[in-house]
Amino acid sequence: MVGRFFGKDIMIKPTCPFCGMLIQRPDQVPSREMPLGTCSCGAVYACDVTGHNLGSAMIEALVHACTGDWDCAWELTPDEDYLDKQLKNYDLETHHIIQAGVYEGRRIAGVLYFIRLNKPAAEKAPLVRSDRPVSPDEGTAPHRTTRRSSSKQEVEDLIRNYDFAPLLDMAAQDKRIPRDVKRLLYSAEKLMRWKTAEALGKISAVIARKEPGAISKLLQGLFTSVSDTAASSWGSVDAIGEIISALPDHFSGSIPQLVQLSRDPSLLPEVLRAMGTIGATRPDLLRRFSYAMIPLLRHPDSEVRGYAAILLGRLNAYEAKEDLIKLQEDMAAIDIYGTGQIESTTIRKLATESLEKL
């Protein structure tokens, strides 16, 4: 048993899942969050040392495949434009696959996330050099595909200024606009993420009139990114809530999938916030979940208590009255988003407002 978990016989040199060739250890690239590498066959890979941020690894690999061109990366579609594969139990320290998942007392859970562009997609992006990781500053302007008039910066400025009307006009003419918006869900600014999520919901309502399938694909992509990234889902859960809220007749069937995400404690505040967004427009779709939410009013996390109070008030959950009364003594602070602004309030105030709705 000792030999099985600690012997070198369990160590395998990593090979590319596309071509079978040995690969080099991924290196850190300036301005990128994860170590990156490139196989001689053209596939690229990102190293998630924890195995808990696969969504981030996918994004890192996609951007690396496009030599740092975010616009190009967001234009790509799975299977149609690229293939992806994973190598699990990778140890960056030894640059080996540790099949048992344990080596010298260390748990090995790293993942190498591989992306290989299909030929049509590869023609859109500058070529990736195979001898070393590519700097995000290389190979950009001369080979970029022609972009439409709505630039990435223009979209970002409109969202930052909470000026959604021009954005909705763009979306009515070009269903690719959500791709430019979606990337802003990964902003370091909380307010920007929340504005982006709201914008994505409004844009989806416009596009769904002609292309409901495109929004269905967008929604499922958001669910996939949340499931993969776990603790680093950024604004994806909020975007899911905004899309379902804007299009309840189309996507109310996704609500159980949203509720299921609450099993991850790190996602619970975001799920409650998203449910609250849906509850503001269609409380009837969520009332069957209200009883299970009442114990969350006693949760140790102030965000969980606060968002649960908002949700139960919007659902007119009279059975939560006693617990909401107790929260009127809770002075913990919490940030609430609305109409493009963040308001700092208290659990006490939120509980009082919800009680008034019962």
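Residues numbered from 1 in each chain as written. Predicted model: local features only at pLDDT ≥ 70, side-chain atom pairs only at ≥ 80, totals over all residues. Heavy atoms only, no water.

Observations concerning the overall build of the protein chain
Operational definition: In this description a helix means any DSSP run of H or I spanning at least four residues, a strand means any run of E spanning at least two, and both kinds are numbered starting from the N terminus. For each residue, the accessible area found with a 1.4 Å probe, counting protein chains only, is set against the maximum for its type, and the residue is called buried under 20%, exposed over 50%, and partly exposed in between. In what follows, residue pairs with any heavy atoms lying within 4.5 Å of each other are defined as contacts. The method behind every accessible area is Shrake-Rupley, applied with a 1.4 Å probe, and residues are considered shielded solely by the protein chains displayed.
Each helix and strand in the protein chain was counted, giving 17 helices and ten strands. Put simply, the protein chain has 358 residues, and 53% of those count as buried. Nonlocal contacts in the protein chain, meaning residues at least 24 apart in sequence, comprise 66% of its contacts between residues at least 6 apart. Put simply, the protein chain shows about 17,000 Å² of open surface, and 50% of that area lies on carbon and sulfur atoms.

Let's talk about the nonpolar core
Inclusion rule: For this analysis, a nonpolar core means a set of buried residues of the types Ala, Val, Leu, Ile, Met, Phe, Trp, Tyr and Cys, connected via side-chain atoms within 4.5 Å.
Ranked by internal contacts, the top residues of the largest apolar core, which has 91 residues, are Ile115, Leu167, Ile243, Leu258, Leu272 and Met275. Counting residues per element, this core draws most heavily on helix α8 (residues 190-207), at eight residues. Excluding residues within four positions of it along the chain, Ile243 makes contact with Leu200, Gly201, Ser204, Ile215, Leu218, Leu219, Leu222 and Phe251. One finds Phe18, Tyr45, Leu87 and Ile97 within the second-largest nonpolar core, a separate group that totals twelve residues.

Quick word on the environment of Asp174
Of note, Asp174 is situated in the loop between α6 (164-173) and α7 (177-182). Between the C-alpha atoms of Asp174 and Ile207, which are 33 residues apart in sequence, the distance is 8.4 Å.

Remarks on the pattern of salt bridges
Our working definition: The term salt bridge refers to a pairing of a side-chain nitrogen on Lys or Arg with a carboxyl oxygen on Asp or Glu at a separation within 4 Å.
Scanning all chains against the criterion turns up 13 salt bridges. When the shortest N-O distance is used, the salt bridge between Asp284 and Arg282 registers 2.9 Å. The partly exposed category is assigned to Asp284, whose relative accessible area is 41%. Taking the relative accessible area as the measure of exposure, Arg282 reaches 24% and is therefore partly exposed. One salt-bridge network, held together by shared partners, links Glu156, Arg160, Arg183 and Glu189.

Things to note about the pairing of strand β3 (residues 44-48)
In plain terms, the rule: When DSSP finds two or more bridges between a pair of strands, those strands are recorded as paired.
The buried fraction of β3 amounts to five of the five residues, a majority that puts the element mostly inside the structure. Alternating positions in β3 separate into two faces, Val44, Ala46 and Asp48 on one and Tyr45 and Cys47 on the other, with burial throughout. Pairing analysis gives three bridges linking strand β2 (residues 36-38) to β3, with the strands arranged antiparallel. Residue pairing for β3: Gly37 is matched across the bridge by Tyr45. The hairpin turn running from β2 into β3, its antiparallel successor, is five residues long, and Gly42 in that turn takes a positive phi close to 105°. Pairing between β3 and strand β8 (residues 110-117): five bridges, direction antiparallel. Counted as the bridge partner of Tyr45 is Phe114 from β8.

Overview of the environment of Val237
As for its position among the elements, Val237 is in helix α10 (residues 236-246). By relative accessible area, which is 0% here, Val237 ends up buried. Between the alpha carbons of Val237 and Leu258 there is a distance of 8.0 Å; along the sequence they are 21 residues apart. Those residues within four positions of Val237 in sequence are excluded, and the remaining contacts are Val226, Leu258, Leu267, Glu270, Val271 and Ala274.

Topic: the confidence of the model for the protein chain
To keep it simple, the criterion reads: The predictor's confidence in any single residue is recorded as pLDDT, a number from 0 to 100.
Averaged over every residue, the pLDDT of the protein chain is 84; residues scoring 70 or more account for 87%. Element-level pLDDT for the protein chain is lowest in helix α1 (residues 2-6), with a mean of 42, against a maximum mean of 97 in helix α15 (residues 302-314). Every residue in residues 1-9 scores below 50 in pLDDT, and together they form 13 contacts with partners more than four places removed in sequence or on other chains. Note on residues 127-149: pLDDT under 50 across the span, and 48 contacts to partners over four residues away in sequence or across chains.

Some thoughts on α8
This is how the line gets drawn: Here a helix's expected span is defined as the number of its residues, less one, multiplied by 1.5 Å.
Helix length check: α8, at 18 residues, gives a terminal C-alpha distance of 26 Å against a target of 26 Å (1.5 Å per residue), a fit within 8%. Among the 18 residues that make up α8, 14 are buried, leaving the element largely enclosed by the rest of the structure.

A look at the sheet that holds β8
Strand pairs in the sheet, formed through backbone hydrogen bonds, run parallel or antiparallel to each other. Quick reminder of the rule: Between N-to-C directions, angles span 0 to 180 degrees; the directions come from axes that are lines fitted to C-alpha atoms, helices contributing only their stretch in contact.
Ordered in space as β1-β5-β4-β8-β3-β2, the six strands form an open sheet in which the pairing is antiparallel. Lying at the two open borders of the sheet, with one neighbouring strand each, are β1 (11-12) and β2. Running at roughly 35° to β8, helix α2 (residues 54-65) makes contact with β2, β3, β4 (82-91) and β8 of the sheet.

Concerning the side chain of Ser290
Its place among the elements puts Ser290 in helix α14 (residues 290-293). By relative accessible area, Ser290 is classed as buried at 7%. Among all residues touching Ser290, those that are not within four sequence positions of it are Leu312, Leu315, Ala317 and Glu319.

Looking at unusual backbone geometry
Not every positive phi belongs to a glycine, and Thr67 is a case in point at roughly 50°. Here Thr67 lies in the loop between α2 and α3 (70-75). Despite not being glycine, Tyr162 has its phi angle at roughly 55°, a positive value. Mapped onto the elements of the fold, Tyr162 is located in the loop between α5 (152-160) and α6.

A closer look at the pairing of strand β10 (residues 341-346)
As judged from the six bridges shared by strand β9 (residues 333-338) and β10, these two strands associate in the antiparallel manner. Along β10, the bridge assignment pairs Tyr337 with Ile342. If you look at the hairpin formed by β9 and β10, you'll find two residues sitting between the two strands, and Thr339 has a positive phi there, around 45°.

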